[in-house]
Amino acid sequence: MFSRLRRLLGGRGEAGVVVVTVYSRQGCGCCVKAKEVINGFRQRYSLEVEEVDVDQSPELKDRYGNEVPVVEVGGKVRFRGKVDPVLFERLLRAEAAAG
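Computed from a predicted structure; not experimentally measured.

Peer 1: Can you tell me about the packing of aromatic side chains, naming the residues and giving the values?
Peer 2: Counted under the stated rule, the structure contains 4 aromatic pairs. Taken together, a centroid distance of 6.4 Å and an interplanar angle of 50° make the contact between Phe41 and Tyr45 tilted. Exposure remark for Tyr45: the relative accessible area of 14% places this residue in the buried category. An aromatic cluster is built from Phe41, Tyr45, Phe79 and Phe88, whose rings are joined through pairwise contacts.

Below, the structure written as C-alpha cells:
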C-alpha cells in the first residue's frame, strides 16, 4: 500500500532518501548480482530498498516475465536484467540532489 502511494507521489521516501524498488524472483542469479550492486551504495547514499517478488503477483509476472531484475529508482524503471554501477551512481546523485 505505502509503496503504491509512494510511486504515485514520484517515488520519494523521506527527505534525502532515494527509493529503489527491485522486481525479482527467487533463484535468479542476475537478481542477486543486482541487489549486491545496489547494496554496495548503501554506505554512501541513504537508500530505501524495496524488494518485490514478481512471482507473487500474476500482474507483475505478466509485466516483467523473464526480464528480471527490473530496478526502479525514484519511481521510474531504470534497469532491466543488469544494474550498471556507474549509471546507478549517477541516478543516485541526481535523485539525492533533487530530494
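Peer 1: Could you give an account of the state of the cysteines, naming the residues involved and the relevant values?
Peer 2: Put plainly, a disulfide is one covalent bond tying together the sulfur atoms of two cysteines. Applying the stated criterion to the full structure yields 1 disulfide. The disulfide partner of Cys28 is Cys31, and the S-S distance across this bridge is 2.5 Å. With the S-S bond torsion at 75°, the cross-link from Cys28 to Cys31 turns out right-handed. Overall, the relative accessible area of 1% leaves Cys31 in the buried class. Cysteine Cys30 is unpaired, with the sulfur of Cys28 as its nearest cysteine sulfur at 5.3 Å.

Peer 1: So what's going on with the pairing of strand E3 (residues 70-73)? Which residues, and what values?
Peer 2: Residue alternation in E3 divides its side chains into two sets, Val70 and Glu72 and Val71 and Val73, and both sets are buried. In terms of strand pairing, strand E1 (residues 18-24) meets E3 through 4 bridges, oriented antiparallel. Within E3, the residue paired with Val22 across the bridge is Val71. The pairing of E3 with strand E4 (residues 76-80) spans 4 bridges and is classified as antiparallel. Directly across from Val73, in E4, lies its bridge partner Lys76. Counted along the chain from E3 to the antiparallel partner E4, the turn is 2 residues long, and its residue Gly74 has a positive phi close to 60°.

Cut-offs applied
- Residues numbered from 1 in each chain as written.
- Predicted model: local features only at pLDDT ≥ 70, side-chain atom pairs only at ≥ 80, totals over all residues.
- Heavy atoms only, no water.
- Phe/Tyr/Trp six-rings, centres within 6.5 Å; stacked < 30°, edge-to-face > 60°.
- Buried < 20%, exposed > 50% of the residue type's maximum accessible area, 1.4 Å probe, protein only.
- Disulfide = S-S within 2.5 Å.
- Helix = DSSP H or I, 4+ residues; strand = E, 2+ residues; numbered from the N terminus.
- Pairing = 2+ DSSP bridges.

Keep in mind that these numbers describe shape and distance, not what the molecule does.
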